[in-house]
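# Fold and contact review
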Amino acid sequence: MIAVLAGALTVQPLAVPGWGALTGVRSAVAAEAVSISKTGEDIITSGAKLLSYTYSVPRSGKTATGLASVVQVDLTNPYVKLDVMTGRGGKFTTLQTVSGMAKETQAVAGVNGDYFNTAADGAPMGAQVSDGVLMSSPSELNGMYAFGVTKGHKPLIDQYSFAGTVKAADGSTFELAGINQASYMTEPDKTLSHADAMYIYTDAWGNAERPKNSSTTPSEALVENGVVTQVSQGKALPGTVPAGAYILRAHGKAASYMKDHLTVGAKVQTDYSLVSKTTGQPLDPSSLEVMIGGHTILVDNGKAAAFSRSTSSIGGYRARTAVGYSQSGQYAYIVTVQDNAASSGMSLAELQNFMVSLGIWKGINLDGGGSTTMVTRPLGEQQAQLTFTTEYGGQTQRAVVNGLGVYTTAPAGQLKGFAISGKKQLLIGETATYGVKGYDTYYNPMTASAISPTWKPSNANVAVSGNTITAKKAGKVTLTASSGGVNTTLQVEVLGADSLSALSLGATSAPLKAGASVPLNVNATLKSGGTVNVDASSLNWEFVGFKGSVKDGVLNVTSVDAGAQVGYAIASYEGFKTMLTLTNAAETDWENFENATYPVTFTGTPSGVTGQAQIKAGSDSHANSKVLRIDYDMTAGTGNKYAYANLNGSSGKTLTSGASSMSLDVLGDSSYNWLRAEVVGADGKTVYVDLAKSVNFTGWKTLNVNLNQYGNIAYPAKLKRIYLVNLAEGQDERSASGAVEIDNIKTSAPADAGSLGLPSGIKANMTVGSKTLQVNGKSSAMDAAPVVQSGSTYLPVKYITDSFGGASGWDAKTGAITVRRGDRLLVLNLNKKDYILNGVRKTSTSAPISVSNRTLVPVRLVSEQLGLRVKWEQETKTATIES
């Protein structure tokens, strides 16, 4: 929030600058109807609710599903208001995350707001008003709408222009072009925004440069208390704008006016207003409680509207943010659609249909994609929290120029109730502590020190001891806390193995050595797309080849069995297993660039992408080392853009044989581009390795990559190039130019097959209907012959592990078959096509079967998942397995 500009603020019916015909206007694209279901309604504060929805929509013959979160604000409630959140300390040019702005301004909810040029200063493109103060004017761009609420609590959505004048002491005037604007090309004229123009910059502008890259030479006058106190002709005044003052920034004709009429000591007055482009009527900013700029209109009169501006650059299925209001004007709706592991995003046309389904009468699009972020304050909490995972994943948020915040003005009330805090998902055997946080009659937080509730579960899925809950069996349970006649419930789900899609130990390799300690970071990925942190001690552990224990998230190797060359730590959650292989393998310094003699070249795709790749002295903490540096400029060209650093020309450098993981030091540039490596196997197949899905950091950072997740890389393999990608979708959200540095690339590889106790050079033949097994030409008898069902060949698994090494086990109670060979752990279940390989659930076309009380497994599935090769001879119906 800023001080009102010095000088009287008078609203005059000024002429609207010529706008011309809108460009890029197109009809709303017809989209399949979005089917929605409300899954939750949570009170945020008096007058504001968080509404949660699931949606489904047909796309190309399939059904896409996702999640949406909507904050409904009752504009007639005297205890709630909307306002704009701005950067850091209420200043433009100081981007901040939505969470940071909400915390700084004590908002109870908030979302990202206006569009802004990521390569410019960090100022909104549209108008911004906070408590009657016009903080920024709308840019002269076609089809850009704004949302506002008057101090009479009336919502409005319209296109606005800016009209204003500077009046000197001699009575002469000059037209003002805007307030606190970044430089841009105007529409439809395509002229420089700051050429021959005069702008106001207030103390809300955080940078000393006003603005960057304007292609114009400024003249500036500082105005304090309505009087010109400094003038600088042909160059900017030094420093930022003093508090309570403003600077008039002029160029060309405007600079000539300033030279002739705005001298030091002269009084000056500024008059300005917003002007509706629909009615031509002026709008006094002081009459507004809030205004925030947006993009195209989405909904008008309760129907999907024709887009007022081209949407080609913001197309696709992305995370979305929008705002609108009800037909009665009572409710404002702040709408977000998620694009993450649990949600498929929406097109703008789908968003229109969704908003219409919500009952929105008029609504506009706000900045979306990677910017889409919502925070809301749960009952009893002191601060707003991230409502859902952004496109960047986890808790990562993009810093944005401004946001729309929800604020409470309610007085302190009496205790109304309390909310339960604690985990909503538990694993069997897990113990968690629950607490309560109170709230008053206006739903504002209260201290809960006086609340001592009793706890009661709805069933035996959990056991209760005080406020400690232990999960016993899979299923849902309602947890009830009672105190002083007030009851509050929390739905808790105890997750069974069927809910999991993956179980990761957070470590890819470990040393087999007595006294070794291996930190574990166990995470379960759910079929729903969410993740759950798992207490490693709550899993069932089996140790092979060593004695050990798991405590406080650490695997401790107590002793190594005599003669053991390899060890296995097998973790099981209700039969869902994963494994950590321990060997004597050492880490290899694959490339530190100190003695690299091979050539490094740069290639850009498309041809407009330019840059340089070189080995040179590093930056910052790596100044005494040689590094691989990639400088890139992806400004030119269209579509997906790539900046490649080619190692050894087109030949690449040979990777450590059998490498299972890689680590490297990277100097990030916060470009949010994608960093990858291209590996080509001996079989000619290319594997694209993700080093960083988003370079969203600055400074040096060590990245760890699990190469096992890319399947069987055929060695000897070569790392041919390291490169950055700027995808076409969301390209405006990432930096087009920058530089990264790479150093200390290390690889880790498990011991070879021989040291893992696996025989090599084995060839086994088996024929359908025959009980004879031939291994390297030697015949032996099997107690069951291979059979064929539905095109798959089946055999008892023991004949695979007996011939090629490994171990297998059978659980008669659950029907689970566990097979371990080398560093691979395979779990199959009788008559189920799902299987688990190294902690990841996968699906096959065949499943284990039972024939004559014998369990048979699909030969090809099991052999290939254990790293073996299978050939099938149709004429003789013979399967050949080779190691």
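Before reading further, recall that the structure is shown in the block above.
This text gives an overview of the structure that appears in the document. For clarity, every value in this text was computed on a predicted model and none was experimentally measured. (Residues numbered from 1 in each chain as written. Predicted model: local features only at pLDDT ≥ 70, side-chain atom pairs only at ≥ 80, totals over all residues. Heavy atoms only, no water.)

## Looking at the overall build of the protein chain
- Helix and strand content of the protein chain: 5 helices and 74 strands.
- Seen through its principal axes, the protein chain has C-alpha atoms that stretch 110 × 75 × 55 Å.
- A total of 883 residues make up the protein chain; the buried ones form 52% of that total.
- A sequence separation of at least 24 residues applies to 65% of the contacts in the protein chain between residues at least 6 apart.
- On the protein chain, roughly 36,300 Å² of surface is accessible, and the fraction owed to carbon and sulfur atoms is 47%. (Helix = DSSP H or I, 4+ residues; strand = E, 2+ residues; numbered from the N terminus. Buried < 20%, exposed > 50% of the residue type's maximum accessible area, 1.4 Å probe, protein only. Contact = heavy atoms within 4.5 Å. Areas by Shrake-Rupley, 256 points an atom, 1.4 Å probe, with all protein chains shown as cover.)

## Points about the environment of isoleucine 200
- Here isoleucine 200 shows up in strand E12 (residues 198–202).
- For the pair isoleucine 200 and glutamate 220, spaced 20 residues apart in the sequence, the C-alpha separation amounts to 9.8 Å.

## Quick look at the pairing of strand E52 (residues 626–633)
- Relative to E52, strand E51 (residues 610–617) runs antiparallel, the two being bridged by 8 bridges. Counted as the bridge partner of lysine 616 is valine 627 from E52.
- Alignment of E52 against strand E60 (residues 737–748), held across 6 bridges, turns out to be antiparallel. The residue of E60 that forms the bridge with isoleucine 630 is valine 740. (Pairing = 2+ DSSP bridges.)

## Some thoughts on unusual backbone geometry
- A cis amide bond, omega -15 degrees, links arginine 210 with the succeeding residue proline 211.
- With respect to the helices and strands, the residue proline 211 is situated in the loop between E12 and strand E13 (219–224).
- One non-glycine residue with positive phi stands out, namely tyrosine 443, at about 65 degrees.
- Mapped onto the elements of the fold, tyrosine 443 is located in the loop between strand E32 (435–440) and strand E33 (445–446).
- For tyrosine 443, a relative accessible area of 17% gives the class buried.
- A positive phi angle, near 50 degrees, is found at asparagine 776, a position not held by glycine.

## Observations regarding the packing of aromatic side chains
- One pass over the structure, following the stated rule, counts 15 aromatic pairs.
- Arranged with centres 5.8 Å apart and planes meeting at 85 degrees, the rings of tyrosine 53 and phenylalanine 354 form a pair that is edge-to-face. You can see tyrosine 53 sitting in strand E2 (residues 48–59) and its partner phenylalanine 354 sitting in helix H3 (residues 348–358), a full 301 residues away along the chain.
- Owing to a relative accessible area of 10%, tyrosine 53 belongs among the buried residues under this scheme.
- Note on tyrosine 392 and tyrosine 672: the rings are 4.8 Å apart at their centroids and 45 degrees apart in plane angle, and the pair reads as tilted. (Phe/Tyr/Trp six-rings, centres within 6.5 Å; stacked < 30°, edge-to-face > 60°.)

## Things to note about H3
- In terms of burial, H3 is largely enclosed, as 9 of its 11 residues are buried.
- Residues of H3 that are buried: Leu348, Ala349, Glu350, Leu351, Gln352, Asn353, Phe354, Met355 and Leu358.

## Some points on the sheet that holds strand E34 (residues 454–457)
- Strand order in the open sheet formed by 4 strands is E30-E38-E37-E34, and the pairing between neighbours is mixed. Among the strands making up the open sheet, the edge pair consists of strand E30 (425–427) and E34. When strand polarity is set aside, the average angle formed by the axes of neighbouring strands in this sheet is 30 degrees.
- As paired elements, strand E37 (residues 475–483) and strand E38 (residues 486–495) share 9 bridges and run antiparallel to each other. Residue pairing across strands places serine 482 opposite asparagine 487, the latter belonging to E38. (Axes fitted to C-alpha atoms, helices over the stretch in contact; angles between N-to-C directions.)

## As for the sheet that holds strand E63 (residues 778–781)
- Here 5 strands make up an open sheet; going across it, the order is E63-E62-E61-E74-E73 and the pairing antiparallel. Whereas interior strands pair on both sides, the edge strands pair on one side only; in this sheet they are E63 and strand E73 (869–873). Averaged over all neighbouring strand pairs, the angle between strand axes comes to 20 degrees, with direction disregarded.
- Summarising the sheet, strand E62 (residues 772–775) and E63 pair through 4 bridges and their orientation is antiparallel. Each bridged residue has a counterpart across the sheet, and for valine 775 the counterpart in E63 is lysine 778.

## A short note on the nonpolar core
- If you look at the biggest cluster of nonpolar residues, it comprises 49 residues, and the most contacted ones within it are Tyr434, Leu520, Trp541 and Leu580.
- Considering every element that reaches this core, the biggest residue donor is E38, with 4 residues.
- Excluding anything up to four places from it in sequence, leucine 520 contacts Leu505, Ala536, Trp541, Val550, Gly553, Val554, Leu555 and Leu580.
- With 38 residues, the next largest nonpolar core counts Phe593, Ile630, Leu647 and Met662 among its residues. (Core = buried A, V, L, I, M, F, W, Y, C linked by side-chain atoms within 4.5 Å.)

## Re the side chain of glutamate 220
- Topologically, glutamate 220 is positioned in strand E13.
- Overall, the relative accessible area of 0% leaves glutamate 220 in the buried class.
- Among the polar contacts made by the side chain of glutamate 220, one reaches the side chain of arginine 210 at a distance of 2.6 Å.
- Among the polar contacts listed, one links the side chain of glutamate 220 to the backbone nitrogen of leucine 237, at a separation of 2.8 Å. (Polar contact = N/O pair within 3.5 Å; in protein donor to acceptor, adjacent residues only side chain to side chain.)

## Description of helix H1 (residues 98–105)
- Along H1, the residues that are buried comprise Val98, Gly100, Met101 and Ala102.
- For H1, the elements touching its buried residues are strand E4 (80–86), strand E5 (109–112), strand E26 (374–376) and strand E28 (402–408).

## Some points on the pattern of salt bridges
- Per the counting criterion, the structure on display carries 23 salt bridges.
- A salt bridge links glutamate 187 to arginine 309, with the shortest nitrogen-to-oxygen separation between them at 2.7 Å. A residue pair is termed long-range when its members are at least 10 positions apart, and glutamate 187 in the loop between strand E11 (178–179) and E12 and arginine 309 in the loop between strand E20 (303–304) and strand E21 (320–326) qualify at 122 residues.
- What emerges from the salt-bridge pattern is a single network uniting Lys38, Glu41 and Lys49. (Salt bridge = Lys/Arg side-chain N within 4 Å of Asp/Glu carboxyl O.)

## Comments concerning the side chain of threonine 578
- Take threonine 578: it is sitting in strand E48 (residues 576–583).
- In terms of polar contacts, threonine 578 uses its side chain to reach the backbone carbonyl oxygen of asparagine 838, at 3.5 Å.
- Excluding residues within four positions of it along the chain, threonine 578 makes contact with Leu503, Leu505, Ala569, Ile570, Ala571, Leu825, Asn838 and Gly839.

## A few points about the environment of serine 343
- With respect to the element layout, serine 343 can be found in strand E24 (residues 343–344).
- A relative accessible area of 5% places serine 343 in the buried class.
- A sequence separation of 24 residues divides serine 343 from alanine 319, and the C-alpha atoms of the two residues are 8.9 Å apart.
- Other than its neighbours up to four places away in sequence, serine 343 contacts Tyr55, Thr65, Gly66, Leu67 and Gln338.
- At a separation of 3.5 Å, a polar atom in the side chain of serine 343 contacts the side chain of tyrosine 55.
- Among the polar contacts made by the side chain of serine 343, one reaches the main-chain amide nitrogen of leucine 67 at a distance of 2.8 Å.

## Overview of the environment of alanine 349
- Within the element layout of this structure, alanine 349 appears in helix H3.
- Taking C-alpha positions, alanine 349 is 35 Å from tyrosine 632, a pair spaced 283 residues apart along the chain.

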